[in-house]
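Survey of secondary and tertiary structure
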Amino acid sequence: MRTVVKTAGLTPDQYTIAWQSAGRTEQKWIGPDFVTVAQNLIEQDNIKHIISASVGFINDNLEILYDVDIELKQAIETKGGKLIRLQMPNDDPKLISALKAEVLKLAKA
C-alpha cells in the first residue's frame, strides 16, 4: 500500500484504508469495513467523492463486481456521495508481460 500511496503522491489526509469483506476463517478480521468507513467519510468529513482502489486484486471478480460495484456504491449513494472505482488490470498486456517474466524467471531457478 505504501508504494501505491507514494506513487500517487498522496498525503495521509488524502487516503484511508478499509477492507471489503471478512474471510470465513476463525481468525479475527482486521477491518475496518469499507462501507462503514465510506459512510463515515461522507457523514462526518463531508467527503462526497470516494475512490476505491482494490489493491488486493488484479482482476474483476465477484468481490469487486458485487462488493464494490453494487454494495459499496449503493451505500455511498444512499449517503449522498459518489463512488469512483479504479479499473482492474485484468488482461492488460503490461500485466501479462510482468507475470510471464516472473514465471519464466522462476522456471529457470
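Our structure is the block above this text.
Residues numbered from 1 in each chain as written. Predicted model: local features only at pLDDT ≥ 70, side-chain atom pairs only at ≥ 80, totals over all residues. Heavy atoms only, no water.

**Observations concerning the pattern of salt bridges**
Test applied: Between Lys or Arg on one side and Asp or Glu on the other, a salt bridge is scored when a side-chain nitrogen of the former is within 4 Å of a carboxyl oxygen of the latter. In this text, helices come from DSSP runs of H or I with a minimum length of four residues, and strands from runs of E with a minimum of two, each type numbered from the N-terminal end. Per-residue accessibility, obtained with a 1.4 Å probe over protein chains only, is compared with the maximum for each type, and a residue is labelled buried under 20%, exposed over 50%, and partly exposed between these values.
Under the criterion given, the structure shown has 4 salt bridges. A salt bridge links Arg85 to Asp69, with the shortest nitrogen-to-oxygen separation between them at 2.6 Å. One end of the pair, Arg85, is in strand E2 (residues 82-85); the other, Asp69, is in helix H3 (residues 62-78), and 16 residues separate them in sequence. You can call Asp69 partly exposed: its relative accessible area is 26%. Overlapping salt bridges, with partners in common, bring together Asp60, Asp69 and Arg85 in one network.

**Here's the deal with the packing of helix H2 (residues 34-45) against H3**
Two numbers describe a pair of packed helices, the interaxial angle and the distance between the axes. Put simply, the rule reads: Axis angles are defined between N-to-C directions and span 0 to 180 degrees, where every axis is a line fitted to C-alpha atoms and, for a helix, only to the segment in contact. Crossings are classed by handedness, with left-handed meaning an anticlockwise turn of the near helix from the far one by less than a right angle and right-handed meaning a clockwise turn. The contact rule is simple, with two residues in contact once any of their heavy atoms fall within 4.5 Å. Asp, Glu, Lys and Arg are counted as charged, while Ala, Val, Leu, Ile, Met, Phe, Trp, Tyr, Cys and Pro are counted as nonpolar; the rest, among them Gly, fall into the polar class.
Two numbers describe how H2 lies on H3: the axes approach to 9 Å, and their chain directions differ by 35°. For the element pair H2 and H3, the recorded crossing hand is right-handed. Residues Phe34, Val35, Ala38, Gln39 and Ile42 of H2 pack against Asp67, Val68, Glu71, Leu72, Ala75 and Ile76 of H3. Taken together, the residues of the contact of H2 with H3 sort by class into 8 nonpolar, 1 polar and 2 charged.

**As for unusual backbone geometry**
Look at the link from Gly31 to Pro32: it is a cis peptide, with omega at 0°. Mapped onto the fold, Pro32 is located in the loop between helix H1 (2-8) and H2. One non-glycine residue, Asn46, adopts positive backbone phi at about 60°. Notably, Asn90 is not glycine yet its phi reads approximately 50°, a positive angle. Mapped onto the elements, Asn90 comes out in the loop between E2 and helix H4 (93-108).

**A word on H3**
Here is the rule: What we call the bend at a residue is the angle made by axes fitted to the seven residues finishing there and the seven residues starting there. Polar contacts, as counted here, are pairs of nitrogen or oxygen atoms within 3.5 Å of one another; within protein the pair requires one atom able to donate a hydrogen and one able to accept it, and residues that are adjacent in sequence qualify only if both atoms are side-chain atoms.
At Leu72, H3 is bent by approximately 30°, the largest bend along its length. Buried residues along H3 sit in contact with H2, strand E1 (49-52) and E2. The backbone nitrogen of Glu63 has a side-chain oxygen 2.8 Å away, supplied by the residue at the start of H3, namely Asn61. Directly beyond the C-terminal end of H3, a positive phi value near 90° is found at Gly80.

**Some remarks on the environment of Asn59**
As for its position among the elements, Asn59 is in the loop between E1 and H3. For Asn59, a relative accessible area of 34% translates into the label partly exposed. Measuring from C-alpha to C-alpha, the distance between Asn59 and Gln87 comes to 8.6 Å, with 28 residues separating the pair along the chain. The residues contacting Asn59, other than those within four sequence positions of it, are Ile64, Met88 and Asn90.

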